[in-house]
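In case you want the letters, here they are:
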Amino acid sequence: MLATESAQTGWQAELKLQFTKRLDKTVLANRHQRGPLAIQRPFYPEGEVCHAYVLHPPGGVVGGDELYLEFKVEPNAYALLTTPGATKFYRSAGSQAAQHQYFQVTDACLEWLPQETIFFPKANALLTSTIHLQGSARYIGWEVYCLGRPVIGEAFQQGNAVFKTALYRDAKPLLLDRLVVNGERDLLSAAGLRGQPVFATLLATPATTDLLETVRPFCEEVAFGTAGATLLNGVLVVRYLGNSTAQAHRLFRAIWQAIRPSITHKAAVPPRIWNT
């Protein structure tokens, strides 16, 4: 949860959403907002599935800011959430900026498909994602990260970023992932990011070996950078490493369109914001 305001100097923001199945569609049953986080009014381009956009009006995160996102999806509900634009972590004078995501999905379906997160040089950031699945819950989610701004030749020579992801089903850990990038040393090392500023991960479950074989050709067709897919404890894990957020999104969106019917039993209906 959020630290007390007395211990923080930046924005303290919370967005808690609860999705419930009512009659023939999923509705946003409860919403709690605090600080500069909001959600656009839900809409229904594919009937029962609730599409919604998470908004951060300031547009950037600075040292001392702490954002907390909590999504709960109740039995038989189905929510798809994305963001209208990139999240930006700006340089820090020393204080850490943090974004914590906590998703709880119970015999339901959640898709979390945000735009990229960009880390400016000298940023000091902590990002955590914790996903708890219960019963027959289904999940597709991705994160696309960009260190520095490669389009203008600005490298992440200084700064610190910590990334933690934990995925559970019925309290059993399926995936525990942690990455620390401490400036240029970790960006350039062979055991780190090999000089590539963009890295991304897609998670989808429940998945099978057949689905893994469906996805692998997409990874082999990446023109620049590298991509690969594995299956771990019933979780499809796809990773991208390269220099283009646009390429990462093209890859993940193509994979999403291919796997969504198997994972969620729904044909792929892209969020309208992707067309703008």
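Not measured: the values here are computed from a predicted model. (Residues numbered from 1 in each chain as written. Predicted model: local features only at pLDDT ≥ 70, side-chain atom pairs only at ≥ 80, totals over all residues. Heavy atoms only, no water.)

Draft legend 1. Region of interest: the overall build of the chain. Scanning the chain for helices and strands turns up three helices and 18 strands. Taken over C-alpha atoms, the radius of gyration comes to 18 Å for the chain, in line with the 19 Å a tight globule of 276 residues would show. Over its C-alpha atoms, taken along the principal directions, the chain stretches across nearly 50 × 50 × 40 Å. In the chain, which comprises 276 residues, the share counted as buried stands at 51%. Residue pairs in contact within the chain that sit at least 24 positions apart in sequence constitute 71% of those at least 6 positions apart. If you sum the accessible surface of the chain, you get close to 12,300 Å²; carbon and sulfur atoms cover 50% of it. (Helix = DSSP H or I, 4+ residues; strand = E, 2+ residues; numbered from the N terminus. Rg over C-alpha atoms; globule rule 2.2 N^0.38 Å. Buried < 20%, exposed > 50% of the residue type's maximum accessible area, 1.4 Å probe, protein only. Contact = heavy atoms within 4.5 Å. Areas by Shrake-Rupley, 256 points an atom, 1.4 Å probe, with all protein chains shown as cover.)

Draft legend 2. Molecular detail of the packing of aromatic side chains. Scanning the entire structure with this criterion turns up 15 aromatic pairs. A ring pair is formed by Phe-89 and Phe-119, whose centres lie 5.2 Å apart and whose planes are at 20 degrees; its orientation type is stacked. With Phe-89 in strand S8 (residues 87–89) and Phe-119 in strand S11 (residues 117–119), this residue pair connects regions lying 30 residues apart in the sequence. The exposure class of Phe-89 is buried, given its relative accessible area of 1%. (Phe/Tyr/Trp six-rings, centres within 6.5 Å; stacked < 30°, edge-to-face > 60°.)

Draft legend 3. Inspection of the layout of surface pockets at higher detail. Considered as a void within the structure, the largest pocket measures approximately 580 Å³ in volume. Within the residue set of the lining of the largest pocket, elements represented by two or more residues are strand S9 (97–106), strand S12 (124–134), strand S13 (138–147), strand S14 (160–169), strand S15 (172–182), strand S16 (198–205), strand S17 (226–232) and strand S18 (235–242). In terms of residues, the lining of the largest pocket owes the most to one element, S13, which gives five residues. Across the lining of the largest pocket, the residue classes tally to 17 nonpolar, eight polar and five charged. Quantified by volume, the second largest pocket comes out at close to 260 Å³. (1 Å grid on protein atoms, 1.4 Å probe; cavity = no way out; pocket = protein on both sides within 12 Å on 5 of 7 lines; lining within 4 Å. Points joined across faces, edges and corners; volume = space filled by probe spheres on them. Nonpolar A, V, L, I, M, F, W, Y, C, P; charged D, E, K, R; others polar.)

Draft legend 4. Layout of the pairing of S18. Burial analysis of S18 places seven of its eight residues in the buried class, the great majority of the element. Bridge count between S16 and S18: seven bridges; the pairing is antiparallel. Within the sheet, the bridge partner assigned to Phe-199 lies in S18 and is Leu-241. Here seven bridges tie S17 to S18, and the two strands are oriented antiparallel to one another. Paired with Thr-230 across the two strands is Val-237, which belongs to S18. Counted between consecutive antiparallel strands, the loop separating S17 from S18 contains two residues, among which Asn-233 sits at a positive phi close to 55 degrees. (Pairing = 2+ DSSP bridges.)

Draft legend 5. A look at the side chain of His-249. Checked against the element boundaries, His-249 lands in helix H3 (residues 245–264). Excluding anything up to four places from it in sequence, His-249 contacts Pro-114, Gln-115, Glu-116, Trp-142 and Val-144.

Draft legend 6. Broad picture of the pattern of salt bridges. By the definition in use, this model includes nine salt bridges. For Lys-72, the salt bridge goes to Glu-70, with nearest N and O atoms at 3.7 Å. Since its relative accessible area comes to 32%, Lys-72 is described here as partly exposed. Since its relative accessible area comes to 11%, Glu-70 is described here as buried. Because the salt bridges share partners, they merge into one network encompassing Lys-21, Glu-48 and Lys-266. (Salt bridge = Lys/Arg side-chain N within 4 Å of Asp/Glu carboxyl O.)

Draft legend 7. Representation of the sheet that holds S15 in the model. Across the sheet, seven strands lie side by side as S2-S1-S6-S9-S12-S14-S15; this open sheet has mixed pairing. The open sheet has two edge strands, strand S2 (25–34) and S15, and neither has a second partner. Each adjacent strand pair in this sheet contributes to an overall mean axis angle of 10 degrees, direction not counted. By the bridge criterion, eight bridges tie strand S6 (residues 66–73) to S9 in an arrangement that is parallel. In the sheet register, Val-73 faces S9, and the bridge partner there is Val-105. (Axes fitted to C-alpha atoms, helices over the stretch in contact; angles between N-to-C directions.)

Draft legend 8. Local environment of the environment of Val-62. As for its position among the elements, Val-62 is in the loop between strand S5 (60–61) and S6. Here Val-62 falls in the partly exposed class, since its relative accessible area comes to 35%. The spatial distance from the C-alpha of Val-62 to the C-alpha of Ser-92 is 6.2 Å, given a sequence separation of 30 residues. Residue contacts for Val-62: discarding those within four places in its chain leaves Tyr-90 and Ala-97.

Draft legend 9. Region of interest: the confidence of the model for the chain. Considering every residue of the chain, the mean pLDDT works out to 93; 96% of them sit at 70 or more. This stretch, residues 1–7, has a pLDDT under 50; its non-local contacts, to residues over four places away or in other chains, come to 15 contacts. (pLDDT = per-residue confidence, 0-100.)

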